[in-house]
Amino acid sequence: MPALAGLTREAASSALAAAGLRTGKITRSCSELPSGQVISSKPGAGARLAPGRTVSLLVAQQGARVPPVVGLSRAEARGSLKAAGFAVRQKAQIVDDPDVVNSVLGQSVSPGTCATPGRTVVITVGVAGQSFPDPSEPTLPPDSAEPPAGAEPTPRPTPTDEESPPEN
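Thresholds applied
- Residues numbered from 1 in each chain as written.
- Predicted model: local features only at pLDDT ≥ 70, side-chain atom pairs only at ≥ 80, totals over all residues.
- Heavy atoms only, no water.
- Core = buried A, V, L, I, M, F, W, Y, C linked by side-chain atoms within 4.5 Å.
- Buried < 20%, exposed > 50% of the residue type's maximum accessible area, 1.4 Å probe, protein only.
- Helix = DSSP H or I, 4+ residues; strand = E, 2+ residues; numbered from the N terminus.
- Contact = heavy atoms within 4.5 Å.
- Pairing = 2+ DSSP bridges.
- Axes fitted to C-alpha atoms, helices over the stretch in contact; angles between N-to-C directions.

Asks: For this particular structure, what's the right way to read the nonpolar core?
Replies: Most often, soluble globular proteins have nonpolar side chains that are buried together. By size, the foremost hydrophobic cluster in this structure holds 13 residues, and its most contacted members are V66, V69, L81, F86 and I123. Sorting the residues of this core by element identifies α2 (74-83) and β8 (120-128) as the ones contributing at least two each. The greatest single-element share of this core, amounting to three residues, is contributed by β8. Excluding anything up to four places from it in sequence, V66 contacts L81, F86, Q107, V109, S110, P111, G112, T113 and A115. Of all hydrophobic cores here, the second largest spans nine residues; its members include L16, V38, V55 and V59.

Asks: Any chance you could explain the sheet that holds strand β3 (residues 54-62) here in plain terms?
Replies: Within a sheet, adjacent strands bond to each other through the backbone by hydrogen bonds, running parallel or antiparallel. Pairing is mixed across the open sheet formed by three strands, whose spatial order is β1-β3-β2. At either end of the open sheet lies a strand with only one pairing partner, and these are β1 (22-31) and β2 (38-42). Going from strand to strand, the sheet's axes swing by 25° on average, the running direction of each strand aside. Summarising the sheet, β2 and β3 pair through four bridges and their orientation is antiparallel. For K42, the partnering residue across the bridge sits in β3 and is S56. Helix-sheet contacts for helix α1 (residues 9-18) involve β1, β2 and β3, and the interaxial angle to β1 is about 155°.

Asks: What is the right way to read the sheet that holds strand β5 (residues 87-95) from this model?
Replies: An order of β5-β8-β6 is seen for the three strands of this open sheet, with the pairing classed as mixed. Among the strands making up the open sheet, the edge pair consists of β5 and β6 (104-107). With strand direction ignored, the average angle separating the axes of adjacent strands in the sheet is 25°.

Asks: Explain unusual backbone geometry here, please?
Replies: Note: most residues except glycine have negative phi, and most peptide bonds are trans. For the peptide bond that leads from K42 to P43, omega is -5°, which places it in the cis range. By the secondary structure assignment, P43 is in the loop between β2 and β3. For N102, which is not glycine, the phi dihedral falls at a positive 70°. Mapped onto the elements of the fold, N102 is located in the loop between β5 and β6. The class for N102 is partly exposed, based on a relative accessible area of 43%.

Geometry only, nothing functional implied.
Pasting the structure below:
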């Protein structure tokens, strides 16, 4: 059985054929190695095999596995994804349950996926809903409060003679 690790899948198949063996099952595995490079074979190099036997190959798929981050805190998820080599963006989702505020509710790339390092993974993070004031309603500073629509305006006091500014 020839040594196949480090060869391309095609070169490994040619080496097997030259040794009178056949290529069997080919399994891909996420790896830092270039895609298509043989990681290992089963049986391994040096094994004695009868002619015509099949040899299984484990072949690299270049990338990094996306870690599972749903249920983690926002900070933990960002750290885990960045450590695995991914860029991170987040979007907010309003939640009613205070226990899931700042927790990751979803991720854009499925956990376990072999993805290119540097790829952006979007995490959905729970945020508390705003109860007051309603952000769609304008707010006024306290000293410029206006009466509600349809209400009679409060009359402003007029200066008395004693409070009137001196005339020129």
